[in-house]
Amino acid sequence: MPFAAGNATKGASLFKTRCAQCHTTGAGEPNKVGPNLHGIFGRKSGQADNFSYTAANVNKGVTWSEETLFEYLENPKKYIPGTKMAFAGLKKDGDRNDLISYLKDACA
């Protein structure tokens, strides 16, 4: 199933509980354990400024879009074997749609 527009408000809640401990979204905000996600859409994997990625992330060469994030967020370690991201993923399509809809607003 491909990405479909979701509920950004629900996505914000998911981000707060599942992602914010490791990621920020605002322009100029610092990296945490994970990179700042501002500007992620259209950026290649492993390319956020001032963040040390694994070779797996850099070499994957995927361009982040709604569709690629939808696949990635289901199971990050399967999508990019060797990633250091400890997140197990969001198995429900609706949760991924909601989170990505939030990120489209928060990271622009």
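Residues numbered from 1 in each chain as written. Predicted model: local features only at pLDDT ≥ 70, side-chain atom pairs only at ≥ 80, totals over all residues. Heavy atoms only, no water.

Under an unreviewed UniProt entry, the protein has the name Cytochrome c C1 and belongs to Pluteus cervinus.

When you line up the elements, alanine 108 lands in the segment after α5 (93–106). Taking the C-alpha atoms as reference points, alanine 108 and leucine 37, 71 residues apart in sequence, are found 9.3 Å from one another. (Helix = DSSP H or I, 4+ residues; strand = E, 2+ residues; numbered from the N terminus.)

Looking now at helix α1 (residues 8–18). When α1 is considered as a whole, its buried residues turn out to be Gly11, Leu14 and Phe15. Buried residues of α1 fall within an arc of 100° about the axis and therefore sit on the same side. Looking at α1, the residues exposed on the side facing more than 90 degrees away from the buried face are Thr9, Lys10, Lys16 and Thr17. In this structure, the buried side of α1 is in contact with α5. Its side-chain oxygen at 2.9 Å from the backbone nitrogen of threonine 9, asparagine 7 defines the N-terminal cap of α1. (Buried < 20%, exposed > 50% of the residue type's maximum accessible area, 1.4 Å probe, protein only. Arc of directions from axis to C-beta. Contact = heavy atoms within 4.5 Å. Polar contact = N/O pair within 3.5 Å; in protein donor to acceptor, adjacent residues only side chain to side chain.)

Moving on, we come to the side chain of asparagine 97. Relative to the elements of secondary structure, asparagine 97 occurs in helix α5. Overall, asparagine 97 belongs to the buried group, its relative accessible area being 6%. Residue contacts for asparagine 97: discarding those within four places in its chain leaves Phe3, Ala4, Gly6 and Phe70.

The next point concerns the environment of alanine 48. The residue alanine 48 is located in the loop between α1 and α2 (55–60) in this model. Separated by 14 residues in the primary sequence, alanine 48 and glycine 34 place their C-alpha atoms 10.0 Å from one another. Setting aside chain neighbours within four positions, we find alanine 48 in contact with Pro35, Asn36, Arg43 and Tyr53.

The next point concerns the layout of surface pockets. Reported here for the largest pocket is a volume of approximately 560 Å³. His23, Gly34, Pro35, Tyr72 and Met85 are the residues nearest the centre of the largest pocket, which is lined by 31 residues in total. Looking at the lining of the largest pocket, the elements that each hand over two or more residues are α1, α3 (66–72) and α5. Partitioning the lining of the largest pocket into residue classes produces 18 nonpolar, 9 polar and 4 charged. Reported here for the second largest pocket is a volume of approximately 150 Å³. In terms of lining residues, the second largest pocket is bounded by 13 residues, among which Glu29, Asn31, Asn36, Ala48 and Asp49 are the most central. Taken together, the residues that form the lining of the second largest pocket break down as 3 nonpolar, 7 polar and 3 charged. (1 Å grid on protein atoms, 1.4 Å probe; cavity = no way out; pocket = protein on both sides within 12 Å on 5 of 7 lines; lining within 4 Å. Points joined across faces, edges and corners; volume = space filled by probe spheres on them. Nonpolar A, V, L, I, M, F, W, Y, C, P; charged D, E, K, R; others polar.)

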